[in-house]
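Take a look at the letters that make up each chain.
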Amino acid sequence: MPEPMLNLAAWVACTGMEGPGRRFAIWTQGCHLRCKGCCNQSYLPLVPRELVPALHLLPAILEAREQHGIEGITLLGGEPMIQARGLSVLARAVRAHGMTVMMFTGYVLGSDAHALPDGAQDLLAACDVVVDGPFVATRGEQVRNWVGSTNQRFHYLTDAYDVSIETDPRYRNGIEVRFERSGTLRVNGFPFLL
Ligand code: SF4
């Protein structure tokens, strides 16, 4: 079977703002959920952006582990679940190298399994922790790390993490600003602090 493709919006080799510990963060391009107040507007159009084979980033992820001591990757969007086939291939490879996988999705897990995109179960099986649910601007989260609204839930799918990460002060919400060699100014982290 040919290697599936991914449509990527951006990635950062090492961030401390997108999950527990240092992580390689990958933003996928395209989301049809269109939550009111979504902070990633440029990642929403369902258009080709950077099309790469599913394992394209694996060498960079392994290098980030060597250089920065990352403990895993975080998948964000856009909506990662609509690229589940490709992301499950990448996530399995990352786990096979002893690292963890975290994902943020606007889908609600457990509500209707048939409503999930093709390949979603494979992707979930390759994740350690998933934060689900759409962003609801009227229900702003004040307590937990990383989540924008109180309806969003953490699902611990392996023993890698537990509920303590949600309020662990080592992972307090923040933002990172970096100037890349290409001249791009990249900002990531908790958008409501901007
Ligand atoms: S699911 Fe996430 S990326 Fe999609 S519109 Fe909602 S907040 Fe934005």
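The structure we're discussing is the one just above.
What you see is a predicted model, and the numbers here were worked out from it, not measured in a lab. (Residues numbered from 1 in each chain as written. Predicted model: local features only at pLDDT ≥ 70, side-chain atom pairs only at ≥ 80, totals over all residues. Heavy atoms only, no water.)

It is not clear to me how the layout of surface pockets should be interpreted in this structure. Could you clarify?
Gaps left between atoms are located by rolling a probe of water-molecule size over the structure's atoms. A volume near 200 Å³ is recorded for the second largest pocket. Taken together, A10, W11, E180, R181, S182 and R186 make up the lining of the second largest pocket. (1 Å grid on protein atoms, 1.4 Å probe; cavity = no way out; pocket = protein on both sides within 12 Å on 5 of 7 lines; lining within 4 Å. Points joined across faces, edges and corners; volume = space filled by probe spheres on them.)

I would appreciate a short explanation of helix α2 (residues 84-96) in the present structure.
Because an α-helix packs 3.6 residues into every turn, residues spaced three or four apart end up facing the same way. Helix length check: α2, at 13 residues, gives a terminal C-alpha distance of 18 Å against a target of 18 Å (1.5 Å per residue), a fit within 8%. All of the buried residues along α2 are A84, G86, L87, S88, L90, A91, A93 and V94. Each element contacted by the buried residues of α2 is listed here: β1 (5-15), β2 (23-28), α1 (58-68), β4 (72-76), β5 (100-104) and α3 (120-125). Just beyond α2, the residue with positive phi is G98, at close to 85 degrees. (Helix = DSSP H or I, 4+ residues; strand = E, 2+ residues; numbered from the N terminus. Expected span 1.5 Å × (residues − 1). Buried < 20%, exposed > 50% of the residue type's maximum accessible area, 1.4 Å probe, protein only. Contact = heavy atoms within 4.5 Å.)

Honestly, the packing of aromatic side chains in this entry has me stumped. Any pointers?
Two numbers describe a pair of aromatic rings. These are the distance of the centres and the angle of the planes. Under the criterion given, the structure shown has three aromatic pairs. Relative to Y156, the ring of F154 lies with its centre 6.1 Å away and its plane at 10 degrees, an arrangement referred to as stacked. An aromatic cluster of at least three residues, connected via ring pairs, comprises W146, F154, Y156 and Y171. (Phe/Tyr/Trp six-rings, centres within 6.5 Å; stacked < 30°, edge-to-face > 60°.)

I'm lost on the sheet that holds β2 in this one. Help?
Pairing between sheet strands relies on hydrogen bonds along the backbone, with the strands arranged either parallel or antiparallel. Judged by pairing direction, the sheet is mixed, and its seven strands sit side by side in the order β3-β1-β2-β4-β5-β6-β7 without closing on themselves. This sheet does not close on itself; its edge strands, each paired only once, are β3 (50-53) and β7 (153-156). Averaged over all neighbouring strand pairs, the angle between strand axes comes to 30 degrees, with direction disregarded. Of the pairings in the sheet, the one linking β4 to β5 comprises four bridges and is parallel in character. (Pairing = 2+ DSSP bridges. Axes fitted to C-alpha atoms, helices over the stretch in contact; angles between N-to-C directions.)

How should I be thinking about the pattern of salt bridges in this particular structure?
Should the charged atoms of two oppositely charged side chains come close, the side chains can pair. Taken as a whole and assessed by the stated rule, the structure comprises six salt bridges. Across the pair D128 and R95 runs a salt bridge whose closest N-O atoms are separated by 3.7 Å. In this pair, D128 is assigned in the loop between α3 and β6 (129-132) and R95 in helix α2, connecting sequence segments 33 residues apart. Judged by its relative accessible area of 4%, D128 falls in the buried class. The exposure class assigned to R95 is partly exposed, which follows from its relative accessible area of 28%. Across the pair D132 and R153 runs a salt bridge, and its minimum N-O distance is 2.7 Å. With D132 in strand β6 and R153 in strand β7, this residue pair connects regions lying 21 residues apart in the sequence. (Salt bridge = Lys/Arg side-chain N within 4 Å of Asp/Glu carboxyl O.)

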